[in-house]
Amino acid sequence: MQLATPLKKSATIKATPQVDYAAWGLRATALTYLSIMILLPLYVVFTSGLREGIEFFWNAVTQAQAIFALKLTLTTAAIMTLINMLMGTLTAYVIVRYRFWGKVILDAMIDLPFAIPTLVTGLMLVLLYGPQTTLGAFFKDTWDIRIIFSPIGIVLALLFLGFPFVTRSVQPIFEQMDVHQPEASYTLGASSWYTFRRVIFPYIRPAMLTGGLLGFARALGEFGAIVLVAGNIPLKTQTAAVYIYGQVEGGNLPAASAVSVILVSISLLVTLLVEWLQRRNSHA
Amino acid sequence: MPEKSVNSLGGFLLVMVVVGYACLLLIGPIIALINEAFSESIGQIIHSIIQADALEALSLTVVISFFTVIIDGVLGLLVAWVLVRHKFWGRDFFNSLVDIPFVISPVIVGYVMIVLFGRLGWFKFIPIAFTPYAMLLVTVFVTLPFVIREVMPVLASLSNEQEEAAYTLGASRWYSFRRVIFPALRPALMYGLVLSLARSLGEFGAAAVAGGAIQGATENATIYIFRSLHDRNDIGAYSMALLLGIISIVILLLMNILKAKESKGN
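Residues numbered from 1 in each chain as written. Chains lettered and ligands numbered in written order. Predicted model: local features only at pLDDT ≥ 70, side-chain atom pairs only at ≥ 80, totals over all residues.

**Student:** Describe the overall build of chain B, with residues and values.
**Tutor:** Within chain B, the regular secondary structure consists of 12 helices and 1 strand. Along chain B, from the amino end to the carboxyl end, the secondary structure elements read β-α-α-α-α-α-α-α-α-α-α-α-α. Taken along the three principal axes of its C-alpha coordinates, chain B extends 70 × 65 × 30 Å. Put simply, chain B has 266 residues, and 45% of those count as buried. Within chain B, residue pairs in contact and separated by at least 24 positions form 77% of the contacts whose partners lie at least 6 positions apart. (Helix = DSSP H or I, 4+ residues; strand = E, 2+ residues; numbered from the N terminus. Buried ≥ 20, exposed ≤ 12 C-beta atoms within 10 Å, placed from the backbone. Contact = placed C-beta atoms within 7 Å.)

This is the structure in structure tokens:
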């Protein structure tokens, strides 16, 4: 990030040093707003999660249902992230590199998941792959695979939501890439696979990773898209967010807050990791 | 990397794989929704949208989105300004705070509202849990990063020359902000606001938990869809989903127009 230079300004414009009340007011307002909106909720999550004592907390998060929900959340998000990193990078490459009919539409469509309500996403997936639909029945009869009300549906919903993250993160990197490097590699006799592995991949890896991790962090808390697709079956398709929802609805706030502590901690760790990666890349 | 036409089998296959994947993932579900909604006549669809409870839910969504966009615009601009232009202790810390709403589960946000403003909450003298005010508050929370993250890089990349020229010519700080800086920020601000709008029109989890999903009081458009599915009012749910879907495609178009404008401006 570039720093503006307010010092220079005050030196050239105001001769007498004085307290800048307007600037102080702006800063105080902004920081108060951020503190109330973000720090306070975080504080609430951690204190109400641990208020009943460590033992209660431990019991609440080691309930079979809670453990299952957390594991399911992590695995579905991880599978989505891997597929997303592969397909998102391919999409970015194709959009930057090739000229073809419909490319503008494809490029525009990638932001669709940001525009469409997540609950509508879930409903659309149920209507496409649900047990009563043609496709759903086909998968059921041919391979005995259920998509809706199973973890596959959860991964599908997350793939839909996560699509923009990797693509939009890698796309500018491909745009900036100097085409001479891979060409030099070809000229020297390297195969396309070798060139990809040794020349292109190291170049795009940081962007792939930050995009993938952002999508992962976003997926951990997803509720709207999952609640219809997964069907809220404990120990089968219940993710952490859906579990917390159920506990809140059932009036069991202490259990909800205990699992929230774990989920929020994981999300915060991933965010910190992304920030660390971004800082390291911008210095490199 | 320069663009080239598809001139090899490998390139052709790559394009086909990507286009096929995107169609399957993004277009397939949309077609399924359109198909299902239009299994009833258009008259039926319109009829179910103009039901009193559907209209009530829609207007709640519109009102909350309206106030969210205004709050996000004003305070987002302010926060972006302070984070870019002011140097102060803890600036990096506050800067990282901004991304947190992206990764906190909406359900947890809603539940925090109950802990804070519920009948037994920390601030029980402000009993706004299970009211539209709580829904507005959580919607502002989940949309908080959009404007800030769009405006900050543009603000940071502005050169000081024009601004300093304005000062030198005797303009006040407010005047030079309004006439010199704000016009440069406008495209990014608009883009951020459109993202906020899209998110607030579709917010479900946080709004449902914080508002309690009370029919006729705190039921927004997405909660209406959820309830209709439970009540076996399928056509009601599909019609509302279709309407929200159409609105989001309009928003998507708007996003692309704004982005094209922004890149032309640079």
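**Student:** Let's hear about the overall build of chain A: which residues, and what values?
**Tutor:** Each helix and strand in chain A was counted, giving 14 helices and 1 strand. Taking 2.2 N^0.38 as the reference for a compact globule, 284 residues should give roughly 19 Å; the C-alpha atoms of chain A span a radius of gyration of 24 Å, well beyond that estimate. Principal-axis analysis of the C-alpha atoms places the extent of chain A at approximately 75 × 65 × 35 Å. Within chain A, the proportion of its 284 residues that are buried is 42%. (Rg over C-alpha atoms; globule rule 2.2 N^0.38 Å.)

**Student:** Outline the domain arrangement of chain A, listing residues and values.
**Tutor:** Residue and element names in this part refer to chain A. Each assigned domain of chain A is listed with its residue range as follows: domain 1 (18-50) and domain 2 (53-283). Its C-alpha centre places domain 1 at a distance of 31 Å from the equivalent point of domain 2. In this complex, domain 1 contributes 5 residues to the contact, which on the side of domain 2 involves 6 residues. Its residues assigned to classes, the side of domain 1 that touches domain 2 comprises 3 nonpolar, 2 polar and no charged. (Domains from an automatic or database assignment. Nonpolar A, V, L, I, M, F, W, Y, C, P; charged D, E, K, R; others polar.)

**Student:** Explain the domain arrangement of chain B to me, using residue names and the numbers behind them.
**Tutor:** Domain assignment breaks chain B into domain 1 (10-39) and domain 2 (46-265). Inter-centroid distance (C-alpha atoms) of domain 1 of chain B to domain 2 of chain B is 29 Å.

**Student:** Describe the nonpolar core, listing the residues and the values that go with them.
**Tutor:** Of all hydrophobic cores here, the largest spans 163 residues; its most connected members are Leu123 and Ile244 of chain A together with Val138 and Val151 of chain B. Ranked by residues supplied to this core, first place goes to helix H7 (residues 132-157) of chain B with 16 residues. Dropping the residues within four chain positions of it, leucine 123 of chain A is found in contact with Leu228 of chain A together with Leu33, Ile225, Ala237 and Ala241 of chain B. (Core = buried A, V, L, I, M, F, W, Y, C linked by C-beta atoms within 7 Å.)

**Student:** Can you explain unusual backbone geometry? Please cite residues and give values.
**Tutor:** Most peptide bonds take the trans form, and the phi angle of most residues other than glycine is negative. Residues and elements named next belong to chain B. Here phenylalanine 130, not a glycine, exhibits a phi torsion of approximately 65°, which is positive. Mapped onto the elements, phenylalanine 130 comes out in the loop between helix H6 (106-117) and H7. Using a count of 21 C-beta atoms within 10 Å as the deciding quantity, one classes phenylalanine 130 as buried. Non-glycine residue alanine 213 carries a positive phi angle of around 50°. For alanine 213, the location among the structural elements is in the loop between helix H10 (205-211) and helix H11 (221-230).

**Student:** Outline the interface of chain B and chain A, supporting the account with residue identities and numerical values.
**Tutor:** Listed as interface residues are 74 residues of chain B and, on the opposing side, 71 residues of chain A. For the side of chain B that touches chain A, the element with the highest residue contribution is helix H1 (residues 9-37) of chain B, accounting for 16 residues. A breakdown of the residues in the side of chain B that touches chain A according to their chemical character gives 55 nonpolar, 14 polar and 5 charged. Sheet topology note: the strand S1 (residues 98-99) of chain A/strand S1 (residues 4-5) of chain B ladder contains 2 bridges and is parallel. Residue pairing in the sheet places arginine 99 of chain A in a bridge with serine 5 of chain B of S1 of chain B. (Pairing = 2+ DSSP bridges.)

**Student:** Give me the confidence of the model for chain A: which residues, what numbers.
**Tutor:** Of all residues in chain A, 93% have pLDDT values of 70 or greater, and the mean over the chain is 83. When the criterion is pLDDT under 50, residues 1-15 of chain A qualifies, and its contacts beyond four places in sequence or with other chains add up to 9 contacts. (pLDDT = per-residue confidence, 0-100.)

**Student:** Tell me about the confidence of the model for chain B, residues and numbers included.
**Tutor:** Averaged over chain B, the pLDDT score is 87; the fraction of residues at 70 or greater is 99%. Interface predicted TM-score (ipTM) for the complex: 0.89; the corresponding pTM is 0.87.

**Student:** Can you tell me about the packing of helix H10 (residues 180-187) of chain A against helix H11 (residues 192-220) of chain A, naming the residues and giving the values?
**Tutor:** Helix-helix packing is characterised by the crossing angle of the two axes and by the distance between the axes. Residue and element names in this part refer to chain A. Between H10 and H11, the least distance of the axes is 10 Å, while the angle of their chain directions is 145°. Read as a crossing pair, H10 and H11 show a hand that is right-handed. Between H10, through Gln181, Pro182, Ser185 and Tyr186, and H11, the contact on the second element is made entirely by Thr195, Val199 and Ile200. Here the residues of the contact of H10 with H11 sort into 4 nonpolar, 3 polar and no charged. (Axes fitted to C-alpha atoms, helices over the stretch in contact; angles between N-to-C directions. Left-handed = near helix turned anticlockwise from the far one by under 90°.)

**Student:** Now, about H10 of chain A: what can you tell me, with residues and values included?
**Tutor:** Burial analysis of H10 of chain A places just 0 of its 8 residues in the buried class, a small minority of the element. Two residues or fewer past H10 of chain A, glycine 189 of chain A is found with a positive phi of approximately 95°.

**Student:** Residues and numbers for the environment of glycine 110 of chain B, please.
**Tutor:** Residues and elements named next belong to chain B. As for its position among the elements, glycine 110 is in helix H6. Classification of glycine 110 as buried rests on a count of 29 C-beta atoms within 10 Å. A C-alpha to C-alpha distance of 27 Å links glycine 110 and isoleucine 249, two positions 139 residues apart in sequence. Discounting residues that sit within four places of it in the chain, glycine 110 has contacts with Val138, Gly205, Ala206, Ala208, Val209 and Ala210.

**Student:** Give a description of the packing of helix H2 (residues 21-50) of chain A against H6 of chain B that names residues and reports values.
**Tutor:** Following both chains from N to C, one finds H2 of chain A and H6 of chain B inclined at 80°, their axes separated by 10 Å at the closest point. The pairing of H2 of chain A with H6 of chain B is recorded here as roughly perpendicular in orientation. From H2 of chain A, Pro41, Val44, Val45 and Ser48 of chain A reach across to H6 of chain B, where they touch Ile108, Val109, Val112, Val115 and Leu116 of chain B. Its residues assigned to classes, the contact of H2 of chain A with H6 of chain B shows 8 nonpolar, 1 polar and no charged. (Parallel < 35°, antiparallel > 145°, perpendicular 65-115°, else oblique.)

**Student:** Would you mind going over the environment of isoleucine 38 of chain A in detail, with residue names and values included?
**Tutor:** Looking at where isoleucine 38 of chain A falls in the secondary structure, it is placed in helix H2. Accessibility expressed as a C-beta count within 10 Å gives 21 for isoleucine 38 of chain A, which makes it buried. A sequence separation of 20 residues divides isoleucine 38 of chain A from tryptophan 58 of chain A, and the C-alpha atoms of the two residues are 26 Å apart. When residues no more than four places from it in sequence are discounted, the contact partners of isoleucine 38 of chain A are Leu97, Ile100 and Pro101 of chain B.

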